[in-house]
Amino acid sequence: MSLYTDYLNEIETRKGQDLHPKPIEDGALVQEIVAQIRDPRHEHREQSLKFFIYNTLPGTTSAAGEKAKFLKEIILGTVVVEEIGKSFAFELLSHMKGGPSVEVLLDLALGDDKSVARDAAEVLKTQVFLYEADTDRLKVAFEAGNEIARDILESYAQAEFFTKLPDLEEEIKVVTYVAGEGDISTDLLSPGNQAHSRSDRELHGKCMISEAAQKEIEALKLQHPDKRVMLIAEKGTMGVGSSRMSGVNNVALWTGKQASPYVPFVNIAPVVAGTNGISPIFLTTVGVTGGIGIDLKNWVKKLDDDGNPILNNDDNPVLEQKYSVETGTVLTINTKTRKLYNEAGDEELVDVSSALNPQKVEFMKAGGSYAIVFGKKLQTLAAETLGIDVPPVFAPSKEVSHEGQGLTAVEKIFNANAVGVTEGKVLHAGSDVRVKVNIVGSQDTTGLMTAQELESMAAMVISPTVDGAYQSGCHTASVWDLKAQANIPKLMKFMNQFGLITARDPKDVYHPMTDVIHKVLNDITVDDWAIIIGGDSHTRMSKGVAFGADSGTVALALATGEATMPIPESVKVTFKGSMKNHMDFRDVVHATQAQMLKQFGDNVFQGRIIEVHIGTLLADQAFTFTDWTAEMKAKASICISNDDTLIGSLEIAKSRIQIMIDKGMDNSNGVLQGLIDIADKRIGQIRSGEKPALTPDDNASYFAEVVVDLDVIDEPMIADPDVNNADVSKRYTHDTIRPVSFYKGEKKVDLGFVGSCMVHKGDMKIVAQMLKNLEKANDKVEFKAPLVVAAPTYNIIDELKEEGDWSILQKYSGFEFDDAAPKSTARTDYENILYLERPGCNLCMGNQEKAAKGDTVLATSTRLFKGRVVEDSSEKKGESLLASTPVVVLSAVLGRTPSIEEYKAAVEGIDLTKFAPPLQKPAAPRSVHF
């Protein structure tokens, strides 16, 4: 059978799923399609033409290469296709975005046929995805006196690819659709259990919210054909939790505009909003697609006569509605006044200037942020080649500088890594700058989309300025099913060829690694001044500053070695007092959030940097704090370490990178060895005093300062989704932090989970220690609820084996993973035993393994969103409560939450993760937690 016949059969299968033909990325299939177009009598010629014109993916796909080659033949007249004339062929090339299409356009523009050359030049002037090989050709032709090359470069220098685009319309009419009340996680827009389909945009789009919601949105579009649907989080924040490009893609698919008539299911310009704005990571993703993200502020605190918030019985502020955004409300966004108005446009509702700043308006005009990033680079290069100053076309980088004011840690890092800013100018928060990216991480359920983004922007190889990049396999580690087998090897091959270190070797030289990506990135970050971009909201390193990002921003960082963003404000977090012996550091993390909310009323962490002064903890343990800052809705976090502690963390990182080298994971560029060299240099700088560990200036300015009192943390803390709260907007947030005594030792626990990026080696040792203690006290260990344990990395398991702890875990387990025969189906039923699962995300991700519907799960992970770890049953809401490792283990043994007395007895003598504030003596030896 031919590839074309296979494709037709696939189309029939997709019809049964109410899906259109899948976009074509395979060059071999396009070759067959082209052959059928060449044959005027072929039975499939008409259909082949449609597939060629409307259904072939652009960029650097092999399909795009074949399409560009055939269009070149048509333009040169070596083949005649009645339906595709020369001008139409040029139009098709103009929509292919780079790679082989730019190569063909350059061939034609620099060729001998002057008429064709001029036409090709006009198309090239609209293109921005040019790389060094492309611009070098223009430069050589220009220096040889080629007038066409000069004309193109002069156009690029004036940024005509941008200036000739239509301006943003002054008024944008929107009709509202309330997607939910309370915070809306990206799981609602792109469920984790549908991660396998993200690269099939139409198929994945069917999972957004619900089928009923999709029909309601379609109905709104029919009722309001001249308006755009604005998706809203009422009484909440839009897009919390994860950094999913797929979530924004789905919103754009249902509510946005088609990017090109010749590229199916790629939509842009969605409009999203939230009473409390948009999650920072999600807002970045909206910018990638040229969309609008609005902070509605339509519910405000009700104040008494003295101006103080009126509280309800739960001590929460009472909210009152300033204006309604119920589904079907028509509103007007004025892009000139930067205000949101009523339908008539005569009543101002809220200022939306933050959504329409000059940089964001440029993204909207250009159809997304990529075009602006590449356009600026292209303009600069063209001006340099012509020997002229860069004309002021784009909105200038916002450079905020306060004379005499010191720098926070993030301000120092941004100043050190800034690109293209005024020389010698010190930048403070609020500045909007390009920065060099040192480390990039791509995770496996978004990686295929990152690969698509790289192909669409015609990128072929990782930027040489990136110090290191890693492609993980952790989100699909639990179950090696047919979906994983189809997607993951393909992803690893692409990323390996692109220049990343990959968890799985396409050549099968080293054992597949399913280590949790954040743990690997934390190890390969070997400079406290580094900037890290990762395809996951928990890219929150305890060295440097790390930003979780969508798959598109990750692709941009890989391709260019840069990112563009504002310097965020910072909140300083310090500690006083001392930890109680029976407390675990996870309780300090939860208490930080609880004490902050009690102190300020509002979440001062949201959208800002948390600068945590936690210098006595090594990177592994400190990561527990920085990781949780994603749930605090912070933009990112920075861990301020003591010199000796940072050196210790870097030495551990070096040893783990060396293990990766020993396994054969380094590539021909010696990336991993290069990271060890960077670590050695940094250690030398610290030891010599040349450049101590990163610290802020004493006179730095903070948005707020939070002092966490360790003395008042007297019992374990649990983050509760509060699924039955009468106020829907209070459910499934991470802000309900309760002491274990709240549950009076009575709350039933159906399953315990120790795993995710929140745990480290010490947590695994705590599990072993507790099981030994419980057996000693009770003569045996009997689980009244299943306990699932997933170590974050293979390194940890190897170290536990050497130190004897793994054999203890094996003794009590009823299941142990087998890499030689990984699970091919997800577990649906759990026995009351200990499960030792493969390293990876496991239940925290929720895309493969889940708890039984309606279960109450107590976990060490970070996810408590509805349906993530556990779905509702028809009788009961699923609950995912979050706590420390000892609380989870004891709850699984008891089948319920423990009393404080039971907890204290169970952890007696156990070496919990301890913390002492800097300048104080550490509370306990830390060696076991390496």
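Residues numbered from 1 in each chain as written. Predicted model: local features only at pLDDT ≥ 70, side-chain atom pairs only at ≥ 80, totals over all residues. Heavy atoms only, no water.

*Asks:* I'd like a description of the side chain of Lys 365, backed by residues and values.
*Replies:* The topology assignment puts Lys 365 in helix α16 (residues 358–366). A distance of 3.2 Å separates polar atoms of two side chains, one belonging to Lys 365 and the other to Asp 167. For Lys 365, the contacting residues outside a window of four places in its chain are Phe 162, Thr 163, Leu 165, Pro 166 and Asp 167. (Helix = DSSP H or I, 4+ residues; strand = E, 2+ residues; numbered from the N terminus. Polar contact = N/O pair within 3.5 Å; in protein donor to acceptor, adjacent residues only side chain to side chain. Contact = heavy atoms within 4.5 Å.)

*Asks:* Tell me about the state of the cysteines, residues and numbers included.
*Replies:* Counted according to the given criterion, the structure contains zero disulfides. Free cysteine Cys 207: the closest other cysteine sulfur is in Cys 841, separated by 19 Å. Left unpaired, Cys 844 is separated from the closest cysteine sulfur, that of Cys 757, by 5.8 Å. (Disulfide = S-S within 2.5 Å.)

*Asks:* Give me the lowdown on the sheet that holds strand β24 (residues 636–640), citing residues and values where you can.
*Replies:* Hydrogen bonds between backbone atoms are what pair the strands of a sheet, whose relative direction is either parallel or antiparallel. Pairing is parallel across the open sheet formed by four strands, whose spatial order is β24-β23-β22-β25. Both edges of this open sheet fall to β24 and β25 (704–709), since each of them pairs with a single strand only. Strand-to-strand twist across the sheet, computed as the mean angle between neighbouring axes with direction ignored, equals 20 degrees. Pairing of strand β22 (residues 570–576) with strand β23 (residues 609–613), which is carried by four bridges, proceeds in the parallel orientation. Bridging from a neighbouring strand, Val 571 pairs with Ile 610 of β23. Helix α18 (residues 409–417) contacts β22, β23 and β24 of the sheet and is inclined by roughly 100 degrees relative to β24. Where helix α24 (residues 619–628) meets the sheet, its contacts fall on β22, β23 and β24, and the angle it forms with β24 comes to roughly 150 degrees. (Pairing = 2+ DSSP bridges. Axes fitted to C-alpha atoms, helices over the stretch in contact; angles between N-to-C directions.)

*Asks:* Lay out the nonpolar core with the relevant residues and their values.
*Replies:* Within the largest apolar cluster, 133 residues are counted, with the highest numbers of intra-cluster contacts made by Tyr 470, Phe 575, Ile 614 and Phe 625. Every residue in contact with Phe 625, bar those within four places of it in the chain, is listed here: Val 573, Phe 575, Phe 585, Val 589, Thr 592, Ile 610, Val 612, Ile 614 and Met 632. Counting residues in each nonpolar core, the second largest holds 111 residues, with Phe 70, Ile 148, Phe 363 and Ala 549 among its members. (Core = buried A, V, L, I, M, F, W, Y, C linked by side-chain atoms within 4.5 Å. Buried < 20%, exposed > 50% of the residue type's maximum accessible area, 1.4 Å probe, protein only.)

*Asks:* Break down the packing of aromatic side chains for me, citing the residues and quoting the values.
*Replies:* Aromatic rings considered in pairs are described by the distance between their centres and by the relative angle of their planes. Applying the stated criterion across every chain, the model contains 18 aromatic pairs. Here Tyr 7 and Phe 51 contribute two aromatic rings whose centre-to-centre distance is 5.2 Å and whose plane-to-plane angle is 75 degrees, an arrangement assigned as edge-to-face. Remark: Phe 51 occurs in helix α3 (residues 45–54) and Tyr 7 occurs in helix α1 (residues 3–15); sequence separation between them is 44 residues. With relative accessibility at 6%, the residue Tyr 7 sits in the buried group. According to the relative accessible area criterion, Phe 51 is buried, its value standing at 7%. Residue placement shows Lys 365 over the ring face of Phe 162; its charged tip is 4.4 Å from the ring centre. (Phe/Tyr/Trp six-rings, centres within 6.5 Å; stacked < 30°, edge-to-face > 60°. Lys NZ or Arg CZ within 6 Å of the ring centre and 35° of its normal.)

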